[in-house]
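# Summary of structural features
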Amino acid sequence: MQAAGALAVLRSGVAHGGELLLRHSGAPQQLATPLEYFDRAITPSRVFFVRSHFGPPGLDRTRKTAFDGMVTTPLTLDVDELRKSFPEVTVTALLQCAGNGRALHKPRVPGVQWVHGAMGQATFTGVRLRDVLTKAGLSKDAQYLRVSGADAPPKPTVPAFMRSLPIERAMDPTTLLAYRMNGEELTLAHGAPLRLVVPGWAGDHWVKWLVSVRAEKEEDGGFFMKTAYRMPTEPIEPGAAVPPEKMKPATTFPVKSTIARPDGEKRPVGPQEVTGLAFSGVAPIASVEVSIDDGKTWAKATLEGEAGVGRAQVFRYRFDKKEPGRVKAMARAKDKKGNLQPESPAWNPSGYFWNGWHAVEWEVGS
Ligand SMILES: Nc1nc2c(c(=O)[nH]1)N[C@H]1C(S)=C(S)[C@@H](COP(=O)(O)O)O[C@H]1N2
Ligand SMILES: [Mo]
């Protein structure tokens with residue numbers, strides 16, 4: 001079941017029109033996608049999760065983004081100028097918050113108590129960041145891009161959201177400056193007019209409402225790089241404190257599968273189908289296995305769609321249930337680098353990257 005404790009179901013219009021999102025907090029809105037939508041490759045925009053630290057700035061489709069710092073020719077461009085100057089590309093990628101699944105870590109970790117719904121897959125259309133950086137004449141000495149948006153913290157003592165993206169990742173051909181999502185103009189909730197798309201990397205790198213991309217020598221020294229979004233460099237005891245020098249920025253998300261359905265429903269005796277999404281930020285998916293006997297045996301699910309790093313594929317497993325009774329199904333995925341989804345993942349102080357086996361139960365009646 002998706003609904004845990006404080007989750008309230010919200011009939012939207014509040015976020016961006018349409019359907020049911022699960023509300024984790026109201027101001028700023030943190031909205032989760034209901035599990036049942038993970039039975040297809042593309043998560044509809046109207047139910048796509050929303051996460052931001054301070055909430056959106058005003059909508060300004062003519063807002064310009066400055067590309068400056070260690071470049072020979074600083075550029076300041078809006079969406080129209082970007083699309084006129086560079087080839088347009090579309091990528092399909094899974095956007096997942098580092099904190100997705102935080103509620104499932106034990107011991108409990110403070111922060112938004114996301115269960116499964118802080119993720120979604122969409123097509124993102126825009127221009128390659130590397131094309132713009134090349135035109136700006138990026139210096140060979142630049143190591144990071146300091147990326148920030150137009151959203152402001154509630155008071156001046158609170159640091160503004162930002163990310164330092166390593167140049168190597170910025171120059172990857174899948175890293176986009178996107179202005180369209182699922183074939184439509186990007187909405188304000190998802191970063192309009194322009195956001196970063198970093199397939200395979202956790203959602204925090206996908207900076208929304210872009211205003212500034214600055215090439216620098218060093219990683220930013222402030223709160224968002226040096227305190228937030230960091231993972232232990234080696235395994236630690238659950239609940240233990242980790243010294244800062246044993247933490248590094250959280251980047252790629254690990255291999256995971258999430259079951260969309262059935263979940264808590266009643267089904268007739270006969271053919272049953274378990275469906276969900278599988279993905280890894282490190283390598284394409286190699287296989288998904290499903291167990292209906294509490295992990296004693298596992299059977300291969302079928303995979304649909306194109307495989308890719310940071311790209312979710314739909315999996316399906318069919319079996320026959322001849323007698324009425326309760327069924328529990330679990331899924332586990334493996335990626336092409338041989339990484340296996342763990343039964344229960346390593347605890348970490350911020351509750352990131354939970355990727356344990358997902359189990360669902362349902363009733364088969366006569
Ligand atoms: N400018 C800005 N960009 C941001 C954020 C933010 O607070 N401000 N939140 C980040 C985080 S933590 C996530 S998980 C994703 C969520 O993207 P979505 O709301 O489109 O799903 O946006 C990222 N980009
Ligand atoms: Mo996030």
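Residues numbered from 1 in each chain as written. Chains lettered and ligands numbered in written order. Predicted model: local features only at pLDDT ≥ 70, side-chain atom pairs only at ≥ 80, totals over all residues. Heavy atoms only, no water.

## Examining the sheet that holds strand E8 (residues 144-149)
- Taken in spatial order, the five strands line up as E5-E4-E13-E8-E9 in an open sheet, and their pairing is mixed. Each end of this open sheet is capped by a strand with a single partner; those strands are strand E5 (75-77) and strand E9 (162-166). With direction set aside, neighbouring strand axes in the sheet form an average angle of 15 degrees.
- In this structure, strand E4 (residues 65-69) lies alongside strand E13 (residues 210-216), joined through four bridges in parallel fashion. Residue Phe67 lies in a different strand from E13, and its bridge partner there is Val213.
- Packing of helix H2 (residues 129-136) onto the sheet brings it into contact with E4, E5, E8, E9 and E13, and relative to E5 it is tilted by some 140 degrees. (Pairing = 2+ DSSP bridges. Helix = DSSP H or I, 4+ residues; strand = E, 2+ residues; numbered from the N terminus. Axes fitted to C-alpha atoms, helices over the stretch in contact; angles between N-to-C directions. Contact = heavy atoms within 4.5 Å.)

## Some remarks on the site of ligand 1
- Around ligand 1 lies a shell of 20 residues, among which Phe49, Asp151, His190, Arg195 and Lys208 are the nearest.
- One of the backbone nitrogen or oxygen atoms of Arg51 is found 3.0 Å away from an oxygen atom of ligand 1.
- Starting from 540 Å² of accessible surface for ligand 1 in isolation, the protein chains cover 100%.
- Counted by class, the shell around ligand 1 contains eleven nonpolar, four polar and five charged residues. (Near = heavy atom within 4 Å. Polar contact = N/O pair within 3.5 Å; in protein donor to acceptor, adjacent residues only side chain to side chain. Areas by Shrake-Rupley, 256 points an atom, 1.4 Å probe, with all protein chains shown as cover. Nonpolar A, V, L, I, M, F, W, Y, C, P; charged D, E, K, R; others polar.)

## Remarks on the confidence of the model for the chain
- The share of residues in the chain with pLDDT of 70 or more is 95%, and the mean pLDDT across the chain is 93.
- At the level of individual helices and strands, the chain shows its lowest average pLDDT in strand E1 (residues 8-11), which scores 39, and its highest in strand E12 (residues 195-197), which scores 99.
- Below pLDDT 50 for its whole length, residues 1-18 participates in 47 contacts with residues either more than four positions away or in separate chains. (pLDDT = per-residue confidence, 0-100.)

## A few points about the nonpolar core
- Leu129, Val132, Leu145 and Leu177 are the most contacted members of the largest nonpolar core, which totals 71 residues.
- Sequence-distant contacts of Leu129, defined by excluding residues within four places in its chain, comprise Phe67, Leu145, Leu165, Ala170, Thr175, Leu176, Leu177, Leu196 and Val213.
- With 18 residues, the next largest nonpolar core counts Ile285, Val290, Tyr317 and Val364 among its residues. (Core = buried A, V, L, I, M, F, W, Y, C linked by side-chain atoms within 4.5 Å. Buried < 20%, exposed > 50% of the residue type's maximum accessible area, 1.4 Å probe, protein only.)

## What about the sheet that holds strand E20 (residues 299-300)?
- Taken in spatial order, the five strands make up an open sheet running E17-E24-E23-E19-E20, and their pairing is mixed. If you trace the sheet from one side to the other, it starts and ends with strand E17 (266-268) and E20, each paired once.

## Remarks on the packing of aromatic side chains
- This structure, assessed with the given rule, holds eleven aromatic pairs.
- With centroids separated by 6.2 Å and ring planes inclined at 85 degrees, the aromatic side chains of Phe49 and Trp114 adopt a geometry described as edge-to-face. With a gap of 65 residues between them, Phe49 in the loop between strand E3 (30-32) and E4 and Trp114 in the loop between strand E6 (88-96) and strand E7 (119-128) connect regions that are remote in the sequence.
- In this structure Trp114 comes out as buried when scored by relative accessible area, which is 1%.
- Ring plane angle 10 degrees and centroid distance 5.7 Å describe the contact between Tyr229 and Tyr352, whose orientation is recorded as stacked. With a gap of 123 residues between them, Tyr229 in the loop between helix H4 (223-226) and strand E14 (230-232) and Tyr352 in the loop between strand E23 (325-335) and strand E24 (358-365) connect regions that are remote in the sequence. Each member of the pair, Tyr229 together with Tyr352, is buried. (Phe/Tyr/Trp six-rings, centres within 6.5 Å; stacked < 30°, edge-to-face > 60°.)

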